[in-house]
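The chain contents come next:
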Amino acid sequence: MAPKLPVYLDNNATTPLDPRVISVMRLVLETEFGNPASTTHSLGWSAEELVRVARENVAALINAAPEEIVFTSGATEANNLALKGFAECCTSCAPENIRFIAAATEHKSVLDPLHTLASRGYPVKILPVSKDGFIDPGVFSRALETGPAFVSLMLANNEIGTVQDIQTLIANNRKRIVYFHCDATQAAGKIPVDVTELGADLLSFSAHKLHGPKGAGALYIRRRNPLLRLHAQLEGGGHEYGFRSGTLNVPGIVGFGEACRIAKTELDQTRQHLNLLSQMLLTQIQDKIPGVKLNGSPFQRLPGNLSLAIDGIDNSRLIGLISTKLAMSISSACQSASPTPSHVLKALGLSEAEQRSTIRIGIGRFNTEEEIYYAAEILTGAVNKIRTERASINVVSDR
Ligand code: PMP
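Now for a quick tour of the structure. Quick caveat, the model's predicted, so the values are computed rather than measured.

## A word on the site of the ligand
Here is step 1 of the chain: Thr76, Asp183, Gln186, Ser206 and Lys209 are the nearest of the 15 residues found near the ligand.
Here is step 2 of the chain: Taken by itself the ligand offers 400 Å² of open surface, and the protein chains cover 90% of this.
Here is step 3 of the chain: Counting residues per element, the shell around the ligand draws most heavily on helix α3 (residues 75-89), which supplies three residues.
Here is step 4 of the chain: Looking at side-chain class alone, the shell around the ligand contains three nonpolar, 10 polar and two charged residues.

## Remarks on the pattern of salt bridges
Here is step 1 of the chain: By the definition in use, this model includes 17 salt bridges.
Here is step 2 of the chain: Here Arg244 ties to Glu77 by a salt bridge, and the two come within 2.6 Å at their closest N and O atoms. On the criterion of sequence distance, the pair formed by Arg244 in the loop between β8 (217-221) and α8 (250-265) and Glu77 in helix α3 is long-range, its members being 167 residues apart. Across the pair, Glu77 and Arg244 agree in class, each one buried.

## Description of the nonpolar core
Here is step 1 of the chain: Phe140, Leu203, Phe205 and Phe256 are the most contacted members of the largest nonpolar core, which has 62 residues in total.
Here is step 2 of the chain: Take this core: its biggest share by element is eight residues, from α8.
Here is step 3 of the chain: Shared between two domains, this core holds at least three residues of each, these being domain 1 (7-16 + 267-398) and domain 2 (19-265).
Here is step 4 of the chain: Beyond its immediate stretch of four places on either side in the chain, Leu203 contacts Ile62, His181, Cys182, Ala184, Val193, Val195, Leu198, Ala218, Leu219 and Tyr220.
Here is step 5 of the chain: Within the second largest apolar cluster, 32 residues are counted, among which are Val7, Met280, Leu318 and Ile372.

About the cut-offs
- Residues numbered from 1 in each chain as written.
- Predicted model: local features only at pLDDT ≥ 70, side-chain atom pairs only at ≥ 80, totals over all residues.
- Heavy atoms only, no water.
- Near = heavy atom within 4 Å.
- Areas by Shrake-Rupley, 256 points an atom, 1.4 Å probe, with all protein chains shown as cover.
- Helix = DSSP H or I, 4+ residues; strand = E, 2+ residues; numbered from the N terminus.
- Nonpolar A, V, L, I, M, F, W, Y, C, P; charged D, E, K, R; others polar.
- Salt bridge = Lys/Arg side-chain N within 4 Å of Asp/Glu carboxyl O.
- Buried < 20%, exposed > 50% of the residue type's maximum accessible area, 1.4 Å probe, protein only.
- Core = buried A, V, L, I, M, F, W, Y, C linked by side-chain atoms within 4.5 Å.
- Domains from an automatic or database assignment.
- Contact = heavy atoms within 4.5 Å.

Set out below in structure tokens:
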């Protein structure tokens, strides 16, 4: 049976809702319209109860306590709250005394707030990465020698899939790290994420990357000693322990909770499935298409992510040729809003030609082996077509 088209292979941009998430959300959308902050009637109480259960499930996925979860609109907001919230919480501190460290391959929702903070006078150090996307432990320790800093590092990269050895980096430098914020948006639901093991004081993640709805995410804020303070970026009714005001997005939060519950229960299964399908696709592509290079680490990578540089191919042309059959991307969806070259591929030291030839494939929980065979066939056909066209142009110009 032919797969349903287009085959969705852009799961690092977003994921389809799990049908089990849809059914709990439908119930909330149809009947549970109460405001969890309404304390005077049963509709408010039942909405509050739904949020309480969701908070437990969201916390459990990252081994946190429920009261350490602050619901946000997604990981962009969580990252902004962590970084700007920390910078602004100390009104008596001079900005030049609060240092920030992050890597060049962080998501724009970390790098852009850091640029803003740098423009306000906060020292910000952006670390280079190796050609596979790793932070050199020596470079990291030396960056901390200048003085203690707030560190923000992602666990898994959204473009190239490299999974950083966060635990070792943080544990080896703990004394010089004021707070550690981890962007675990791509990792949550695909590999184990444990705030204690990572040594995270703050951790961001998002529902729509793990088969939950868009518009719901969370910032984990460690509540054990020492007390961690953040200046709220949204002020108002004092919701979410005062960290984030605004009436809670109950359907989104309930969907997020269910998505986290499923992700935790099925983590091993999901991981195996994604690893199997990505290995299958990579092998088939490399067998059929000469000159395909895997960007990022070949070993420590996010299950399901394949970032491929295909020799001599223009990625926009390739994506244009296959778009009715395969949904995949050039770099990240967030980058697509501003069509600039990928800062991640640049940070790896890829040549301009390699950057232009890179496509990102994101395999998800619902992809099948049949879709993988189909994707390899379509990609091979399109690459061959581009290469044949180019060869004939070269022949004509050689005459
Ligand atoms: N961080 C990373 C690593 C991401 O991949 C994304 C989404 N592309 C975000 C942050 C932002 O997440 P959201 O879409 O929930 O704002």
